[in-house]
Amino acid sequence: MIRYEDIEVTYGDFVAIPQLNLQIEEGEFFTLLGPSGCGKTTALRTLAGFVEPSAGDIYVDGKAVTRLPSDKRRVGMVFQNYALFPSMDVWENIAFGLKVRKVGKSERERLVRDVAHRVDLSETQLEKNLAELSGGQQQRVAIARALVLQPKILLLDEPLSNLDAKLRHQLRGQLKGLQAEFGITTVYVTHDQDEALTMSDRIAVFNTGRVEQVGTLRRSTTPRPPSSSARSSGTAPG
Ligand SMILES: Nc1ncnc2c1ncn2[C@@H]1O[C@H](COP(=O)(O)OP(=O)(O)OP(=O)(O)O)[C@@H](O)[C@H]1O
Ligand SMILES: [Mg+2]
């Protein structure tokens, strides 16, 4: 469904990604696992259309999207630091992209309510200012903001890394459950091996812009109920 073909990304003289080849299947929860600075965010931003590769192409459903503007790619991204709008309340944050797309008011209200419900944000929380929410709640706002635009692909850049260990554990399951429920192709980025192992269908081990290994955790990529464990048979990389 997603294919990186000989992708090279440079920042000035610096080669962040020398040659990336990767294939991600429809409905898959695919994780890029690697240390800080290895190019994970760069790989996601290239797929989202925020960074232009200096060589290679990215294909989605067989079509090259490399030169498509970001808003034409139907890719939703949750950023490493959430990048929410602090001056807007929760509702406005989620509705923002719909407004930009000139979705009518009543349709907007329906979509925001629907997605808020699905990510477990209450009516009261929708009216709050962003600063009044906890880290975990803000993370759900960021996810809702991406999902409300009904993307075909969801990119999650270390969405749990700003949270404390307990919440991080709790949200892993929730996030995985959401992904299964929406059945959305997801590319997840983390430097936490345990997190990658518990959540992913497949993991690419990333290092200095290169994929060292791609591993399967389980054969099937069919969505499972949130309660089922991702740690079934199969081999983990490493
Ligand atoms: N805008 C930029 N200009 C110049 N160099 C950059 C830029 N963005 C990233 N880099 C460099 O490219 C490399 C990859 O960065 P990237 O942000 O993709 O890493 P990462 O794997 O997401 O790291 P982290 O886990 O710390 O978020 C790093 O060496 C970084 O310093
Ligand atoms: Mg990063």
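The preceding data block contains the structure.
Peer 1: It is not clear to me how the site of ligand 1 should be interpreted in this structure. Could you clarify?
Peer 2: Around ligand 1, a shell composed of 13 residues is seen, among which Ser-36, Gly-37, Lys-40, Thr-41 and Thr-42 lie nearest. Between an oxygen atom of ligand 1 and a side-chain N or O atom of Glu-158, the distance comes to 3.0 Å. Listed by contribution, the elements that provide at least two residues to the shell around ligand 1 are strand S2 (14-24) and helix H1 (40-48). With three residues, the single largest contributor to the shell around ligand 1 is H1. A class-by-class count of the residues in the shell around ligand 1 yields five nonpolar, six polar and two charged.

Peer 1: What is the right way to read the coordination of the magnesium ion (ligand 2) from this model?
Peer 2: Each pair of donors in an ideal octahedron of six around a metal sits at 90 or 180 degrees, and each pair in an ideal tetrahedron of four sits at 109.5 degrees. Around the magnesium ion (ligand 2), the protein contributes the donor atoms Thr-41 (OG1) and Gln-80 (OE1), at 1.9 to 2.6 Å from the metal centre. With a gap of 39 residues between them, Thr-41 in helix H1 and Gln-80 in the loop between strand S6 (75-78) and helix H2 (90-100) connect regions that are remote in the sequence. Judged by relative accessible area, Gln-80 falls into the partly exposed class, the value being 33%.

Peer 1: Which parts of the structure should I look at to understand the side chain of Asp-157?
Peer 2: If you trace the backbone, Asp-157 turns up in strand S7 (residues 153-157). Arg-45 provides the closest opposite charge to the buried, salt-bridge-free Asp-157, at an N-O distance of 6.6 Å. Not counting residues within four places of it along the chain, the set of residues in contact with Asp-157 comprises Thr-41, Leu-44, Met-77, Val-78, Phe-79, Gln-80 and Val-189.

Peer 1: Would you mind going over the nonpolar core with me for this structure?
Peer 2: It is characteristic of soluble globular proteins that their nonpolar side chains tend to be buried jointly. With 34 residues, the main nonpolar core has Ile-94, Val-141 and Ile-143 as its most contacted residues. Those elements that provide at least two residues to this core are H2, helix H3 (105-118), helix H5 (135-147), S7 and helix H6 (165-182). Ranked by residue count, the leading element in this core is H5, at six residues. Setting aside chain neighbours within four positions, we find Val-141 in contact with Leu-84, Val-90, Asn-93, Ile-94, Leu-121, Leu-130 and Leu-133.

Peer 1: Even after reading the chapter, I still don't get the sheet that holds S6, so can you show me in this structure?
Peer 2: Each strand in a sheet pairs with another by means of backbone hydrogen bonds, the pair being arranged parallel or else antiparallel. Strand order in the open sheet made by the six strands is S6-S7-S8-S3-S9-S10, with mixed pairing throughout. Both edges of this open sheet fall to S6 and strand S10 (210-216), since each of them pairs with a single strand only. Taken over all neighbouring pairs, the strand axes of this sheet differ in orientation by 20° on average, direction set aside. With six bridges connecting them, strand S9 (residues 202-207) and S10 associate as antiparallel partners. Looking at S10, one finds that Ile-203 is bridged to Gly-215. Where H5 meets the sheet, its contacts fall on S6 and S7, and the angle it forms with S6 comes to roughly 170°.

The rules behind these values
- Positions within a chain are numbered from 1, following the residues in the order the chain's sequence is written.
- Starting at A for chains and at 1 for ligands, labels are handed out in the order in which the entities are written.
- Whole-chain, interface and lining totals are the exception, using all residues; otherwise, since this is a predicted model, local features are given only for residues with pLDDT of at least 70 and side-chain atom pairs are given and counted only at 80 or more.
- To obtain the side-chain values, all non-hydrogen atoms of the structure were used and water was disregarded.
- Nearness is defined per residue: one heavy atom within 4 Å of the molecule or strand is enough.
- In protein, a polar contact requires one atom able to donate a hydrogen and another able to accept it; more generally it is a pair of N or O atoms within 3.5 Å, and residues adjacent in sequence count only if both atoms are side-chain atoms.
- Think of it this way: any DSSP run of H or I at least four residues long counts as a helix, any run of E at least two long counts as a strand, and we number them from the N terminus.
- Three residue categories are used. Nonpolar comprises Ala, Val, Leu, Ile, Met, Phe, Trp, Tyr, Cys and Pro, charged comprises Asp, Glu, Lys and Arg, and polar comprises the others, including Gly.
- Each metal's donors are the N, O and S atoms found within 2.8 Å of it, except that Na, K and Ca use a 3.2 Å limit; water is left out, so coordination can look incomplete.
- For every residue, the accessible area obtained with a 1.4 Å probe (protein chains only) is divided by the maximum for its type, and the residue is called buried under 20%, exposed over 50%, and partly exposed between those limits.
- Under the counting rule used here, the positive set is Lys and Arg, the negative set is Asp and Glu, and His together with the chain ends is not counted.
- By definition here, a salt bridge exists when the distance from a side-chain nitrogen of Lys or Arg to a carboxyl oxygen of Asp or Glu is within 4 Å.
- Contacts are residue-level and defined by heavy atoms, with any inter-residue pair within 4.5 Å sufficient.
- Within this scheme, the nonpolar core is defined by two criteria: the residues are buried Ala, Val, Leu, Ile, Met, Phe, Trp, Tyr or Cys, and they are joined through side-chain atoms within 4.5 Å.
- Any two strands are treated as partners once DSSP identifies two or more bridges connecting them.
- What counts as an axis is a line fitted to C-alpha atoms, over the stretch in contact for a helix, and the angles between N-to-C directions run from 0 to 180 degrees.

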